[in-house]
Amino acid sequence: MNAAPSPLDLQSARRPRSAKPAAEPIVPRWTIEQSEELYRINGWGDPYFSINAAGHVTVSPKGDRGGSLDLYELVEALKQRGLPLPILIRFSDILEDRLERLTSCFAKAIARYSYQGSYRGVFPVKCNQERHLVEDLVRFGKPHQFGLEAGSKPELMIALATLNTPGALLICNGYKDRSYIETAMLGQRLGHTPIIVLEQLEEVSLMIEASRRLGIQPILGVRAKLTTKGVGRWGNSAGDRAKFGLRIPEILAVVEQLHQAEMLSCLQLLHFHIGSQISSISVIKDALREASQIYVELASLGANMQYLDVGGGLGVDYDGSKTNFHASKNYSIQNYANDVVAEVKEACAARGLSVPTLISESGRALASHQSVLIFDVLGTSEVRSTEPAPPSETDHAIIRELYDTYQSISISNYQEAFHDAEQFKGEVTSLFNFGYLSLSERAKVENLFWACCAKIIEVVRQEDYVPDDLEDLEKIMASIYYINLSVFQSAPDSWAIDQLFPIMPIHRLNEEPTQRATLADLTCDSDGKIDQFIDLRDVKDLLELHPLQSGQPYYLGMFLTGAYQEIMGNLHNLFGDTNTVHIHLTPKGYQIEHVVKGDTMREVLSYVQYDADDLTEQIRRRSETALQEKHITLKEARLLLQNYSESLSRYTYLS
Ligand SMILES: *Cc1c(COP(=O)(O)O)cnc(C)c1O
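As a convention, each chain's residues are numbered from 1 in the sequence order in which they are written. Under the rules for a predicted model, residues below a pLDDT of 70 receive no local features and side-chain atom pairs below 80 are neither given nor counted, while totals for whole chains, interfaces and linings still include all residues. Remark: hydrogens and water are excluded; side-chain values derive from all non-hydrogen atoms of the structure.

J.: Lay out the domain arrangement of the protein in plain terms, naming residues and giving numbers.
T.: These domain limits were set by an automatic method or by a database of domain assignments. Each domain of the protein was delimited in the assignment, giving domain 1 (117-362), domain 2 (397-474) and domain 3 (612-648). Each of domain 2 and domain 3 has a C-alpha centre, and these two points are 53 Å apart.

J.: Please set out the sheet that holds strand 9 (residues 219-223) residue by residue, giving values where relevant.
T.: Here the rule is simple: two strands pair whenever DSSP picks up at least two bridges between them. Helical segments are the DSSP runs of H or I of at least four residues, strand segments are the runs of E of at least two, and each set is numbered from the N terminus. Pairing in this open sheet of eight strands is parallel, and the strands run 5-6-7-8-9-10-11-12 from one edge to the other. Pairing within the sheet leaves two strands with one partner each, and these edge strands are strand 5 (122-124) and strand 12 (357-359). Strand-to-strand twist of the sheet, defined as the mean angle between neighbouring strand axes without regard to direction, takes the value 25°. Summarising the sheet, strand 10 (residues 267-271) and strand 11 (residues 307-309) pair through three bridges and their orientation is parallel. Axes, fitted as lines to C-alpha atoms, cover a helix only where it is in contact. Angles between the N-to-C directions of the axes lie from 0 to 180 degrees.

J.: Summarise a negative patch on the surface; cite the residues concerned and give the values.
T.: Residues qualify for a patch when their relative accessible area is over 30% and they have no salt bridge, like charges being joined within 9 Å and the nonpolar side chains of Val, Leu, Ile, Met, Phe, Trp and Tyr within 5 Å. Reported accessibility uses the Shrake-Rupley method at a 1.4 Å probe radius. Residues are deemed covered only where the shown protein chains occlude them. What counts as a salt bridge is simple: a side-chain nitrogen of Lys or Arg found within 4 Å of a carboxyl oxygen of Asp or Glu. Positive: Lys, Arg. Negative: Asp, Glu. His and the chain ends are not part of the count. For charged residues, the charge sits on one atom: NZ in Lys, CZ in Arg, CG in Asp, CD in Glu. Taken together, the side chains of Glu422, Asp468, Asp469, Glu471 and Asp472 present a region of like negative charge at the surface. Secondary-structure assignment places Asp472 in the loop between helix 15 (439-460) and helix 16 (473-477).

J.: Describe the sheet that holds strand 3 (residues 69-70), with residues and values.
T.: Sheet strands pair by backbone hydrogen bonding; their relative direction is either parallel or antiparallel. Within the open sheet, the three strands sit side by side as 1-2-3. Their pairing is antiparallel. Each having just a single partner strand, strand 1 (49-51) and strand 3 make up the two edges of the open sheet. Pairing of strand 1 with strand 2 (residues 57-59), which is carried by three bridges, proceeds in the antiparallel orientation. Across the sheet, Phe49 pairs through a bridge with Val59, a residue of strand 2.

J.: For the site of the ligand, give the residues involved together with the corresponding values.
T.: Around the ligand sit 16 residues in total, of which Lys126, Ser276, Glu361, Gly363 and Tyr564 are the nearest. One nitrogen or oxygen atom from the main chain of Gly363 is found 2.7 Å from an oxygen atom belonging to the ligand. In isolation the ligand offers 390 Å² of accessible surface; the protein chains occlude 92% of this area. Three residue categories are used. Nonpolar comprises Ala, Val, Leu, Ile, Met, Phe, Trp, Tyr, Cys and Pro, charged comprises Asp, Glu, Lys and Arg, and polar comprises the others, including Gly. When its residues are assigned to classes, the shell around the ligand shows two nonpolar, nine polar and five charged. Only heavy atoms are used to decide nearness, and a residue is near a molecule or strand if one of them lies within 4 Å of it. Under this definition, polar contacts are N or O atom pairs within 3.5 Å; protein pairs additionally need one hydrogen-donor-capable and one acceptor-capable atom, and for neighbouring residues in sequence, both atoms have to be side-chain atoms.

J.: How would you summarise helix 10 (residues 281-300) if you had to cite specific residues and measurements?
T.: Here, expected helix span is obtained from the residue count minus one, scaled by 1.5 Å. Over its 20 residues, helix 10 extends 29 Å from the first C-alpha to the last, a length consistent with the 28 Å expected when each residue adds 1.5 Å. Those residues of helix 10 that sit buried are Ile281, Val283, Ile284, Ala287, Leu288, Ala291, Ser292, Ile294, Tyr295, Val296, Leu298 and Ala299. Throughout, a contact is declared for two residues whenever any of their heavy atoms are within 4.5 Å. Where helix 10 is buried, its residues touch strand 9, helix 9 (248-260), strand 10, strand 11 and helix 11 (333-351). Gly302 sits one or two positions beyond helix 10 and adopts a positive phi of about 105°. Only protein chains enter the accessibility calculation, which uses a 1.4 Å probe. A residue is then buried if its area is under 20% of the maximum for its type, exposed if over 50%, and partly exposed in between.

This is the structure in structure tokens:
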């Protein structure tokens, strides 16, 4: 157990909103527009997420094409159906809308530049392998001959079985052994169009042998290591030291080997991938220019070039700032499509070559928006500051002085007051350590100190400018909100690579969020926290939240989590998969298409090789012994066993 206190022994301690006398009429001074601006929902959420007049987040799964639902009410309805939080909600309509957007942007670019070729996107399965999602994607992609990309053997298994769109491409990437290559080639016999992308020199001879053995002429591609480096967190997918891909001399060696084997006509595709979440359009342009030149050169060497595959990298604007910050991107999908089409067209025109079919492997841009993770707050821990009582004559001088400081705090002296309060607190620690102050005296001083801080913060928040030395005050006074979630399981990138996801309450958005907080999850790990949040500029350390109301749930949503998070999650502290539902908008409302129940404790324990029945039997035997030795009563033993065995079939999260 690391530092974080257990949420279980928390009394939810709230700072009283002292300013409001009970008789005052409730005038909603805080507007939903203020919430929109604060949480930047129009920046990252448009056109799918917004706030309604009731102060709830609404979802428009079909984007601009109409229809919406109230996310808060949906969560309540799911709870009524026995689906406790945390819950992952997938909106299949959003996935469809994203796919339509991507393909229509390419269609527009192709029309705009009179490009004499077509676009055939593929979805990289690694981005979200969940069956319902991949099946939906294949179905939505049918009209556009949208295909799949496999980066490993298991993903190839998924793609071969799931893809059933005539003419759609099946791009085969990743490390390949003989059985991978054979399976991919035999896919042709099932009516697939597999393209085997050579990423390592050793794969060439394996592939030539397999082709001879099976008598199948494969369609081949090469993955080039570009000099252009992606920037940011995933930037090292390119460059000379990248893990995958062939350098130019190696590409020439492949051409030579294929030529020797009389298979050069099989080489039809050039692929590159400079990394995920490329924030800057200029990086993409550089890569396109380099790749287009390699493409035309390959054609002039006699390869039968037909396809240019620009890989992934199409970014998502997680913070809504439209900048080249790592959590954002400074271009639209349309800009991206225009640049791909224009750059490739220009390079081919210069050589009098016919243009290739364009392929992108956009995963993040397709899958991120469709899932929302909803979780509740179990309790909070905050610095309590109650109105301090005036000191008596007998109190230590330092207490009386600090009380005077407290009383004097105003807009004109708050900075000085803060320094005084800090100094008194420091002195008190020394006095206490030398035995001159009792524990209760020290408690009085600490209470007074926090009361000073709370009063100073109220003043500081009204000021436009915060003096440097008071900047940390908000952090010192911040609350911790304990969330019913495992960051390791549900948002691993938030933990592993500090990825930012928009997080906000999904209700009470017509109320001012008066608290500033960081989030701590259920795990006992001090890393199981979220203390970086999206902001217009850079990031912020604290999230504005509402004080908890007793007996009322408080729901937070983490948005844009549909790419990469689900599969990489791990069982830290044995918190398992969350409940998942798929929601489809209907003319009358919505329909719950699939419910995937989250892991039970029994399941999670079996992943680490514990058998739930064996465990129960152990407990039964030990209770039996304790009973004989009269350490436990029959009633207690029965309660223990009942709780134990019931827990095993329950959700791993708190209810
Ligand atoms: C990860 C990956 C992708 C997907 O990238 P996104 O940025 O999510 O679109 C595409 N192609 C390859 C080869 C990849 O490794």
